[in-house]
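Chain by chain, the residues:
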Amino acid sequence: MQLARPLSGAFLLLAVWWSLTGCDMAARVQPQAEPARPPVQAIASAHPLATAAGLEILAAGGNAFDAAIAVSAALAVVEPYSSGLGGGGFWLLHRVGDEKQLMVDGRERAPLAAHRDLYLDESGEVIPGLSMNGAMAAGIPGEPAALAHMAEHYGVLALRRSLAPAIRLAKEGFPVDAHYRKMAQFRLAVLQEFESSEAIFLDFGDVPEEGALIKQPQLARTLMLLGQYGRDGFYAGETADRLIAGVRAAGGIWTQEDLQDYRIVERPALTFSYRDMRIVSAPPPSSGGVALATMLHILEGFDLEQAGEAERVHLVVEAMRRAYRDRAEYLGDPDFVQIPVERLLDPVYAAGLRASIRRDRATPSRLLANPGIDAVAGNHTTHFSILDRDGNRVAATLSINYPFGSGFVAPGTGVLLNDEMDDFSARPGTPNAYGLVGAEANAIAPGKRPLSSMTPTFIESEEGIGVLGTPGGSRIITMVLLGILDAAQGEGPASWVSLPRFHHQYLPDLIEFEPGALSDQAIDDLRARGHEFKALESQYGNMQALYWDYRRNRVDVASDPRGIGSAAAR
Ligand code: GLY
């Protein structure tokens, strides 16, 4: 086991004190007083056909976990640019009855033949595109194992029943829409490169017209084998043989052992308190829960409601800056590196960070000591939120990383492989192909999971339960933060998903913001405090959220207006 860089300087003294005081976050959380059952069940997902698949399974007697399988598999078919059987994800589950709360970590793993310098040439330079495009970019998929695991341990229906809507969609096809066209155009070159991908996702080598049907009979068969044989239907037998043959013929390094060895991990959900709320979120190898805790603990010391717009943005940005500094320095796969999670979650640690914030000046990121940055993770991913009639709930964020992942379909399987290997630091300590610098804790190693920003989250309080999450690469965490801050002001899901967004990730040292997200006056004020800006040309994110209000016993559910998703309660 390799150690992540230890906490530095003054924080080390605090760390000793914390370990002596034995601070325990979860112990302080108040018990909830929820009504026995919600009045309706609800699903919000990034595609109407995936929401419909989940509703179909709920109507067939499935619970939230069966519906999560159905929605995940349907998204794998109808949103091939976001997630899929060739990718992975995090499924945050809450089961009523025993109140079990955990995260199914179905994150991809590096192939066993991978090594730290996998993407470097002989002179130690990063080879452009190798971790993004084609078979070399793909980690060992985790989604099929996660779906089989959830069916076996949490669902009430057979896996093949929950996969049925997705199999039908793969056979019968789904219509191309404007968003599909945009994503396919973005990845056109790599899709054209592989005949197996072009044949499925393009129309004679070009982006299909709106309304054209994308049929995926090979993916239907792969899903059927998964349904029939469980995880062995993917990680052994016909599908495994085809995956290995396809990847190796295309220059990749997967072996049968990689597939046989792949295991999901059930990880305890990461919990902490913010005001009167208990936040339940994703633990490492996601950076989301830890970064959320740092930001919210810092912000708990400020009266954001009383602050004007510029003051509020300044304080939130300074919290973001500090949390992303720590993300880069300390976080990676907890099975490979030791992460000081307890300390990072401790409000006393956050108090130290808060004390370093000047209200009148931005802190230049270069003055926050840090050797390296792992800034922008992939920018395409998907999220869905589910609540069933018993109160079971799922927040799931799934990914194949870039739009259409690696762009490579293993021939004969219909499985589009991820390019999640790009979420590792290709060369710790020095800039990678995108000008980003990575940290040692997230260096490549055989069997290791790349650090993720995916942040499926529950908000729990005496008043109700929120379920939320979004795609959006490194901006995922700050989008969820803004949603939680909005919830703390009493707003509901319709507001969380449509809020104007801004983001800071330590480096580059600037505030990114959506068109119209900040007033001109606030920008002038923030500039006078030393902040720099990047005005984005378009909006970002695709949040899917719901809230079960205990007091009114009512469920609100919302899908981000930026996307094409759908939210339903019935
Ligand atoms: N590939 C996106 C993420 O895991 O953060």
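Up top is the structure.
### What about the nonpolar core?
Core analysis: the biggest nonpolar cluster contains 84 residues, and L299, V316, L481, I484 and F502 have the highest contact counts within it. If we skip the residues at most four places from it in the chain, V316 touches L299, L304, L481, L482, L485 and F502. Among the nonpolar cores identified, the runner-up in size contains 80 residues, and A64, A220, L259 and Y262 belong to it.

### Comments concerning helix α6 (residues 178–186)
Within the span of α6, buried status applies to Y180, M183 and A184. Around the axis of α6, the buried residues are gathered within 100° of arc, so they sit on the same side. The exposed set on the far side of α6, more than 90 degrees from its buried face, consists of K182 and F186. Lining the buried residues of α6 we find β5 (174–175), α7 (188–193), α8 (195–201) and β6 (213–214). Of the residues flanking the start of α6, the one acting as N-cap is D177, its side-chain oxygen 3.1 Å from the backbone nitrogen of H179.

### Brief notes about the site of the ligand
Taken together, eleven residues surround the ligand, and among them R107, E420, D423, S452 and S453 come closest. One of the side-chain nitrogen or oxygen atoms of R107 is found 3.0 Å away from an oxygen atom of the ligand. Contacts to the ligand include S453, whose backbone N or O atom sits 2.8 Å from an oxygen atom. When the ligand sits alone it has 200 Å² of accessible area, and the protein chains cover 100% of it. Taken together, the residues that form the shell around the ligand break down as two nonpolar, six polar and three charged.

### Section: the pattern of salt bridges
Per the counting criterion, the structure on display carries 33 salt bridges. Residue E420 pairs with R107 through a salt bridge whose shortest N-O separation is 3.2 Å. Here R107 lies in the loop between β4 (100–106) and α4 (143–153) and E420 lies in the loop between β14 (415–416) and β15 (457–460), a separation of 313 residues in the sequence. This pair shows no difference in class: E420 is buried, exactly as R107 is. The salt bridge partner of E318 is R321, with a shortest N-O separation of 2.9 Å. Taken together, the residues span about one helical turn, with E318 and R321 both in helix α14 (residues 309–330) at a distance of three residues. Summarising the burial analysis for this pair, E318 and R321 share the class buried. A network of salt bridges, in which partner residues are shared, links D105, R267, D335 and R449.

### Describing the environment of A110
For A110, the position within the fold is in the loop between β4 and α4. Look at A110 and you get buried, because its relative accessible area is 1%. Each C-alpha atom, one on A110 and one on N442, is 12 Å from the other, the two residues being 332 residues apart in sequence. Those residues in contact with A110, other than ones at most four positions away along the chain, are D258, M421, F424, A445, P446, G447 and K448.

### Focus: the packing of helix α13 (residues 288–299) against helix α17 (residues 476–488)
At a minimum axis separation of 10 Å, α13 and α17 run at an interaxial angle of 45°. One element, α13, and the other, α17, form an angle in the oblique class. Of the two possible hands of crossing, α13 and α17 adopt the one that is right-handed. Residues G288, A291, L292, M295, L296 and L299 of α13 touch α17, and the partners they reach there are I477, V480, L481, I484 and L485.

### Quick word on empty space enclosed by the protein
Within this structure, the stated rule accounts for five cavities of 30 Å³ or more. As for the largest cavity, its lining consists of 13 residues, of which A76, S83, G84, G414 and L416 are closest to the centre. Broken down by class, the residue content of the lining of the largest cavity amounts to eight nonpolar, five polar and no charged.

### Re the sheet that holds strand β3 (residues 88–95)
Taken in spatial order, the seven strands of this open sheet run β7-β4-β3-β12-β11-β2-β22, and their pairing is antiparallel. At either margin of the open sheet sits one strand with a lone partner, and together these are β7 (265–268) and β22 (566–569). Between one strand axis and the next, the sheet turns through 10° on average, direction left out of account. Against the sheet, helix α2 (residues 48–59) touches β2 (42–45) and β22, its axis set at about 155° to β2.

Thresholds applied
- Residues numbered from 1 in each chain as written.
- Predicted model: local features only at pLDDT ≥ 70, side-chain atom pairs only at ≥ 80, totals over all residues.
- Heavy atoms only, no water.
- Core = buried A, V, L, I, M, F, W, Y, C linked by side-chain atoms within 4.5 Å.
- Buried < 20%, exposed > 50% of the residue type's maximum accessible area, 1.4 Å probe, protein only.
- Contact = heavy atoms within 4.5 Å.
- Helix = DSSP H or I, 4+ residues; strand = E, 2+ residues; numbered from the N terminus.
- Arc of directions from axis to C-beta.
- Polar contact = N/O pair within 3.5 Å; in protein donor to acceptor, adjacent residues only side chain to side chain.
- Near = heavy atom within 4 Å.
- Areas by Shrake-Rupley, 256 points an atom, 1.4 Å probe, with all protein chains shown as cover.
- Nonpolar A, V, L, I, M, F, W, Y, C, P; charged D, E, K, R; others polar.
- Salt bridge = Lys/Arg side-chain N within 4 Å of Asp/Glu carboxyl O.
- Axes fitted to C-alpha atoms, helices over the stretch in contact; angles between N-to-C directions.
- Parallel < 35°, antiparallel > 145°, perpendicular 65-115°, else oblique.
- Left-handed = near helix turned anticlockwise from the far one by under 90°.
- 1 Å grid on protein atoms, 1.4 Å probe; cavity = no way out; pocket = protein on both sides within 12 Å on 5 of 7 lines; lining within 4 Å.
- Points joined across faces, edges and corners; volume = space filled by probe spheres on them.
- Pairing = 2+ DSSP bridges.

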